[in-house]
Amino acid sequence: MSAKNLSPTDYPLPDARGRFGPYGGRFVPETLMPALAELEAAYAAAKADPAFWDELDELFRAYVGRPTPVTYARRLSQHLGGAQIYLKREDLAHSGAHKINNALGQALLVKRMGKQRIVAETGAGQHGVATATAAALLGIQCVVYMGSVDMARQQPNVFRMKLLGTEVRSVDSGSKTLKDAINEAIRDWVTNVETTHYLLGSALGPHPYPMMVRDFQRVIGIEARAQMLAQAGRLPDAIVACVGGGSNAIGIFHPFLDDENVRLIGVEAGGLGIESGQHAARFADPAISRLGVLQGTKSFVMQDEHGQIALTHSISAGLDYASVGPEHAWLRDMGRTEYTYCTDNQALEGFRLLSELEGIIPALESAHAIGHVLDMAPTMPKDSILLVNLSGRGDKDLDTVMKALDEQA
Ligand SMILES: *Cc1c(COP(=O)(O)O)cnc(C)c1O
C-alpha cells in the first residue's frame, strides 16, 4: 500500500466548517475553540504531507500487521445458500480491532505537534487499550479516564492499560460511566492544552475529529477494494459493517463511495428490539431519535421530549451509544448508504455461527454485521458477493456471551 493510496482523496466533505450538509460542525464552549483550531491546522498540514502518510503506512505494515487479509467464508456461504461472503479481517490487526488504525494516526500527529501527553476516555476499555498501545509504541505519556463503574466491569482492560504504561484515572462523578469520563478528559485537555492532545476514538465529536478519524480508518476500504478485485475478480455487491460511532463502517465505505453499484449497509444495535425502546438504533426509531447535538457534533441523537439523552442498550458495549457519526447521517440523506439493525439475540446467533463454521470468534460488535448477513445472504443469488467488515475479535466478549447463552439455555 503506497502513501499515495493511503492519503485521502479530494472527496469534498466536510466543508471548511466541518459540516456534512446539516450535520457535523463544532458545537463546543469557547474554551475549547483554540485547541480545536490548533488541531485542525496541524492535521491539515500533516494531511498534505506525503512523509506523514509514509510514516503511518510503515507503522501499519510493520506494527499493526497490515494489510489485514480478506477471507472467503466458504462454509458460512454454503450454510446460508445465497451470496458468497467475504470477511475483511480487522480482528487480525494488532490489539484485536480496527481502533489501532486511528490511535496510531493521532499519536503520530501528536509527535508532529510537539506534544508529549495524550488524554482519552474509555467505556468498555477497547479505545483505552488501543490508545495505550499507540502511546507505548511512540513513547508518549498517556492518561485514560474511566468511570469507576466501568472500571469494576472491565478489569482485564484496566490491567492491560496499566501494563502498557498508561495511568488509568477513576471518575466518581455522575453516573460514573463513559459520559462522566468524557467530561473529565476534556477538562484535563483544556487545562493542559499546551502539552496535551485529546485522542478521540470514533468518527464523532467536533470538527476535525470525524474527518480525521475517517481518514485514518480509510485504509480498511482501500485495502479491501484492491483485495476484492484480486481475489473475487470484481467489487462486492454490498458491504456490511456495524455502526457504533461509525468509524469502522466509514473506514470501509469511504473508498467505495464512487462505486455506485456497491451497496453500503450499516448495522446498528437493535438491542431488545425497537418496540422495547432498549436499543441504540439511532436511524431506526424516529420516536426517540432526532437531530440534536451531543459531544460537540450535530447528528441523530436518541433523546426524550425534553432533549435529555436517552438511555441506550446493546449487548455490545462498542455499539451502545446515543449518537452516530455525522457523515453517516449525511450519506444516508444522500441515499448513498443504508442502515438497518440487528438485535442482541440475532448478534449472538451470528457470533455462534461464525465461530462454528469458520473458526473465527468475532467481537460482539462485528457479530451484529454477521447477524444481518444471516438474513440478507439467503435472499441473494449464488453469484452475488457480500463483504463484511469484521471489525474485531471476540476474546473480550467471552464472559458476556457465556452469560447470555446460559440465560437462553
Ligand atoms: C469500538 C468498536 C466498534 C464500534 O465503533 P465504530 O466507531 O462504530 O467502529 C466496533 N467493533 C469493534 C470491534 C470495536 O472495538
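It should be noted that the structure appears before, not after, this text.
Not measured: the values here are computed from a predicted model.

A. Layout of the site of the ligand. Taken together, 16 residues lie around the ligand, and K99, S202, G244, S247 and S391 are the ones closest in. One of the side-chain N or O atoms of H98 is found 3.0 Å from an oxygen atom in the ligand. Between an oxygen atom of the ligand and a side-chain N or O atom of S202, the distance comes to 2.6 Å. Taking 380 Å² as the accessible area of the ligand by itself, protein coverage stands at 97%. Of the residues assigned to the shell around the ligand, the class counts are four nonpolar, ten polar and two charged.

B. Spotlight on the sheet that holds strand β6 (residues 141-147). What the four strands build is an open sheet, ordered β7-β6-β5-β8; its pairing is parallel. For this open sheet the edge positions go to β7 (167-171) and β8 (196-198), each flanked by a neighbour on one side alone. Each adjacent strand pair in this sheet contributes to an overall mean axis angle of 25°, direction not counted.

C. Main features of the pattern of salt bridges. Summed over all chains, the structure comprises 26 salt bridges. Across the pair R187 and E184 runs a salt bridge whose closest N-O atoms are separated by 2.7 Å. Here E184 and R187 lie together in helix α9 (residues 178-191), a separation of three residues that amounts to about one turn. The salt bridge partner of E268 is R282, with a shortest N-O separation of 2.7 Å. Taken together, the residues span a long stretch of sequence, with E268 in strand β10 (residues 263-271) and R282 in the loop between β10 and β11 (289-294) at a distance of 14 residues. Judged by relative accessible area, which is 1%, R282 ranks as buried. Connected through salt bridges with shared partners, the residues K47, R214, D215 and E327 form a single ionic network.

D. Quick peek at the nonpolar core. Of all hydrophobic cores here, the largest spans 92 residues; its most connected members are L104, L109, W189, Y198, Y209, I239 and I252. Here this core takes eight residues from helix α10 (residues 209-231), the largest share from any one element. Beyond its immediate sequence surroundings of up to four residues, W189 is in contact with L32, A35, L36, V119, T196, H197, Y198 and Y209. With 33 residues, the next largest nonpolar core counts L87, I265, L348 and M380 among its residues.

E. Layout of the pairing of strand β4 (residues 84-89). Burial within β4 is extensive, with six of its six residues counted as buried. Because side chains alternate across β4, one face comprises the buried residues Q84, Y86 and K88, and the other comprises I85, L87 and R89, equally buried. As paired strands, strand β3 (residues 70-72) and β4 are joined by three bridges and run antiparallel to one another. Paired with V70 across the strands is K88, a residue of β4. Relative to strand β14 (residues 385-390), β4 runs parallel, the two being bridged by six bridges. Paired with R89 across the strands is L390, a residue of β14.

Calculation notes
Residues numbered from 1 in each chain as written. Predicted model: local features only at pLDDT ≥ 70, side-chain atom pairs only at ≥ 80, totals over all residues. Heavy atoms only, no water. Near = heavy atom within 4 Å. Polar contact = N/O pair within 3.5 Å; in protein donor to acceptor, adjacent residues only side chain to side chain. Areas by Shrake-Rupley, 256 points an atom, 1.4 Å probe, with all protein chains shown as cover. Nonpolar A, V, L, I, M, F, W, Y, C, P; charged D, E, K, R; others polar. Pairing = 2+ DSSP bridges. Helix = DSSP H or I, 4+ residues; strand = E, 2+ residues; numbered from the N terminus. Axes fitted to C-alpha atoms, helices over the stretch in contact; angles between N-to-C directions. Salt bridge = Lys/Arg side-chain N within 4 Å of Asp/Glu carboxyl O. Buried < 20%, exposed > 50% of the residue type's maximum accessible area, 1.4 Å probe, protein only. Core = buried A, V, L, I, M, F, W, Y, C linked by side-chain atoms within 4.5 Å. Contact = heavy atoms within 4.5 Å.

Coordinates in, geometry out; function isn't part of it.
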